[in-house]
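Observations on chain architecture
The chain contents come next:
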Amino acid sequence: MTIVSTDRLVVRDWTEDRADLDRIYDIYSRDEVMRWLGGGSGRMTDPAEAAERVRSWRDRYAPYGDRYGLWAIEPRAAGRAAGSVLLKPLPGRAGVTPTDDIEVGWHLHPDSWGHGYATEAARAVLDREFATGIRQVHAVVMAGNEASMAVARRLGMAHVGVRTDWYGGAELETFVLRAD
């Protein structure tokens, strides 16, 4: 299902089609991607994990309808996903229980870095979320991930420092975008 689209991109549900599963594994098994996501703790080591991951994402976000989720970013010209964009309630200090704080994030395959896909997809899901009346959205980034911090800045997000409110108290560079 398409969540939102732009001239260049379709943001859609990840599926259990072979091409999506192969791409999920190729993204989430890479050290250069996973080092920035929980320090690599969720790195895939078996291609079969991709189908489990899709089901996990679907189950986790089902209570929210299509408002929140982790979706594929597919450039129209490429015919395959560049990576993921997410919009979801941030998990609190315990790392599990959702808070009222909303997060936008992105995880792209290295072959898709530097094309503006993360910024464009995140902007599209942010516009969609702000249309619901939400007042602010956060992005949280591990220290050292300069590329993701640059995306947050391109989105117009303000850096508010290091916070430990979410993801089990991890120290995360925090950015916020407030509704106009």
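A brief report on the enclosed structure follows. (Residues numbered from 1 in each chain as written. Predicted model: local features only at pLDDT ≥ 70, side-chain atom pairs only at ≥ 80, totals over all residues. Heavy atoms only, no water.)

**Quick notes on the overall build of the protein chain**
Per the secondary structure count, the protein chain includes five helices and eight strands. Going from the N terminus to the C terminus, the protein chain shows its helices and strands as β-β-α-α-α-β-β-β-α-β-α-β-β. What you see for the protein chain is a C-alpha radius of gyration of 15 Å, in line with the 16 Å of a compact globule of 180 residues. Its C-alpha atoms give the protein chain principal-axis dimensions of about 40 × 35 × 35 Å. Counting contacts in the protein chain only where the partners sit at least 6 residues apart, residues at least 24 apart contribute 59% of the total. Accessible surface, the protein chain: about 8800 Å² in total, of which carbon and sulfur atoms supply 48%. Side chains of the protein chain carry 23 positive and 27 negative charges; the gap between the two charge centres is 2 Å. (Helix = DSSP H or I, 4+ residues; strand = E, 2+ residues; numbered from the N terminus. Rg over C-alpha atoms; globule rule 2.2 N^0.38 Å. Contact = heavy atoms within 4.5 Å. Areas by Shrake-Rupley, 256 points an atom, 1.4 Å probe, with all protein chains shown as cover. Lys, Arg positive; Asp, Glu negative; His and termini not counted. Charge placed at Lys NZ, Arg CZ, Asp CG, Glu CD.)

**Some words on helix α5 (residues 146-154)**
Every buried residue of α5 is listed here: Ser148, Met149, Val151 and Ala152. Projected onto a plane normal to the axis of α5, the buried residues spread over an arc of 155° and lie on a single side. Of the residues in α5, the exposed ones pointing more than 90 degrees away from the buried face are Glu146 and Ala147. Buried residues along α5 sit in contact with β5 (98-108), α4 (117-130), β6 (136-141) and β8 (172-178). Following α5 by one or two positions, Gly156 has its phi on the positive side, about 85°. (Buried < 20%, exposed > 50% of the residue type's maximum accessible area, 1.4 Å probe, protein only. Arc of directions from axis to C-beta.)

**Points about the pairing of strand β3 (residues 69-75)**
Burial analysis of β3 places seven of its seven residues in the buried class, which makes it a mostly covered element. The pairing of strand β2 (residues 9-12) with β3 spans four bridges and is antiparallel. Residue pairing across strands places Val10 opposite Glu74, the latter belonging to β3. (Pairing = 2+ DSSP bridges.)

**Describing the nonpolar core**
Core analysis: the biggest nonpolar cluster contains 50 residues, and Trp14, Val104 and Trp106 have the highest contact counts within it. Top element by residues in this core is α4. It accounts for eight residues. (Core = buried A, V, L, I, M, F, W, Y, C linked by side-chain atoms within 4.5 Å.)

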